[in-house]
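# Structure assessment
Take a look at the letters that make up each chain.
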Amino acid sequence: MGAHARFSPSSGKRYLNCPPSLLLEEQFPDEQSPFAAEGSAGHAMAEHLINKYLKKRTKRPVSDYYSDELMEAVESYVEYVISQIEQARADCDTPFFGVEQKVSLAERVEDCFGTADMVIADYQKIHIIDLKLGKGVMVDAESNVQLMIYGLGVLDMLGFLYDINTVELTIVQPRIEHFSTWEISAEDLFSWGKDVFEPGAARALAGEGEFKAGDHCRFCKARVTCRARAEEYLKLAQMEFKNPDLMADDEIAEVLSKADALKKWAEEVYTYAQNEAVTNHKEWPGFKLVLGRSNRKYTDEADVAEAAKKAGYTDIYKQSLIGITEMERLMGKKKFNEILGAFVYKPDGKVTLVPDSDKREPYKTATAEADFKRSEERRVGKECPT
């Protein structure tokens, strides 16, 4: 196997939805963001801790990205994996455990392979567990293409050892306390592999099919300059926006469904253009580089404090209570609950309009209206004190 698969399972959803994007992306260099680097460090630590629990030889990784917050997320994932390991041991005399398991689909799709974070197999079931350390987008296990590809590869790899009839897929997103699990029968997964995955991957590797914009564009290397994506969003941008009462309900719904993605796309284009201007000295018609506004800063806080005190000013410091997460880390969860549990509460989040596809329970309109009015009254009261 080479360093990178041409048809990577992690990009599988994008390539199946937009087949030509595979060849288009190959024109761009590989770049690793700080978020990806932190994610890699987190996965390395998780691998070490699980192997240590399995009593396998392992060396603790070292990285500048390790922080208490990241370690807490990794440990949450490891705790879940250990619980699944023990369940498999209870159900099966000879379970299979694969930590950072290499998975190849080469017999189905040329140059397709990847690494599954955790694979657990018993007599009848394969469990694929995937760690996501992102804080932004919630990822669900249901019909997750990346995990389905891994599941298919593991079925091919272990099918002769076990009589597997079920494949369980789990996404663990500890930083937003999100655990998602979905099951598919081995028979249905094999059918998906033959009818959807294999022909779709073949089209992508051949550069066939049509470009199609969607949420799968999020991590595409060509997303900023892709013409198909630009045309998709420009259609919405070209709508004649008048007063909302002059637009039909379905038009407003269309705007709502795409406005967030349109905003993100515009921000990505702006960031790309600014980076090109700064780093490559590219000049964009009608635009120029300027210095933005900035706030004054102390050259050295210790020197400032000393000079202020010498001049007779002593009331120069602010003191505030440390945050809940930091306090819990200081005391430990058990002590924190004993000492401060009665003093901590979680208020309701802000009432927000989201698509029907959002997994959260719907909020009752009457309650939402009352909460919104109270929120507005508090805001006005603060702005206009009597």
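Residues numbered from 1 in each chain as written. Predicted model: local features only at pLDDT ≥ 70, side-chain atom pairs only at ≥ 80, totals over all residues. Heavy atoms only, no water.

### Here we look at the pattern of salt bridges
Formally: A pairing counts as a salt bridge when a side-chain nitrogen of Lys or Arg comes within 4 Å of a carboxyl oxygen of Asp or Glu. Think of it this way: any DSSP run of H or I at least four residues long counts as a helix, any run of E at least two long counts as a strand, and we number them from the N terminus. Throughout this description, buried means an accessible area under 20% of the type-specific maximum (1.4 Å probe, protein chains only), exposed means over 50%, and partly exposed covers the range between.
All chains considered together, the criterion is met by 13 salt bridges. Glu38 serves as the salt-bridge partner of Arg175, at 2.9 Å between the closest nitrogen and oxygen. Taken together, the positions of Arg175 in the loop between strand E4 (166-173) and strand E5 (178-185) and Glu38 in helix H3 (residues 34-53) put the pair 137 residues apart, joining distant regions of the chain. Classification of Arg175 as buried rests on a relative accessible area of 15%. Of the charged contacts in the structure, one is a salt bridge between Asp130 and Lys132, with a shortest N-O distance of 2.9 Å. Taken as a pair, Asp130 and Lys132 share a single burial class, namely buried.

### With respect to the sheet that holds strand E3 (residues 125-131)
Rule in force here: Strands pair, by our definition, only if DSSP identifies at least two bridges between them. All axes are obtained by fitting lines to C-alpha atoms, using only the stretch in contact for helices, and the reported angles, taken between N-to-C directions, cover 0 to 180 degrees.
Spatially, five strands are ordered E1-E2-E3-E4-E5 in an open sheet, and the strand pairing comes out mixed. With partners counted over all chains shown, the strands left at the sheet margins are strand E1 (96-104) and E5, one partner each. Averaged over all pairs of adjacent strands, the angle between strand axes in this sheet comes to 30 degrees, irrespective of strand direction. Note that E3 and E4 share seven bridges and pair parallel. Within E4, the residue paired with Ile126 across the bridge is Val167.

### As for the packing of helix H5 (residues 145-158) against helix H6 (residues 186-206)
Stated formally: Each angle receives one of four descriptions, namely roughly parallel if under 35 degrees, roughly antiparallel if over 145, roughly perpendicular if within 65 to 115, and oblique otherwise. Crossings are assigned a handedness: left-handed for a near helix turned anticlockwise from the far helix by less than a right angle, right-handed for a clockwise turn. Note on contacts: a residue pair is in contact if any heavy atoms of the two residues lie within 4.5 Å. Residues are grouped as follows: Ala, Val, Leu, Ile, Met, Phe, Trp, Tyr, Cys and Pro are nonpolar; Asp, Glu, Lys and Arg are charged; every other residue, Gly included, is polar.
Taken N-terminus to C-terminus, the directions of H5 and H6 make an angle of 110 degrees; their axes are 10 Å apart at the nearest point. One finds that H5 runs roughly perpendicular with respect to H6. Considering only the axes of H5 and H6, their crossing is left-handed. Touching Val145, Met148, Ile149, Gly151, Leu152, Leu155 and Asp156 of H5 are Ala186, Leu189, Phe190, Trp192, Gly193 and Phe197, all from H6. By residue class, the composition of the contact of H5 with H6 is ten nonpolar, two polar and one charged.

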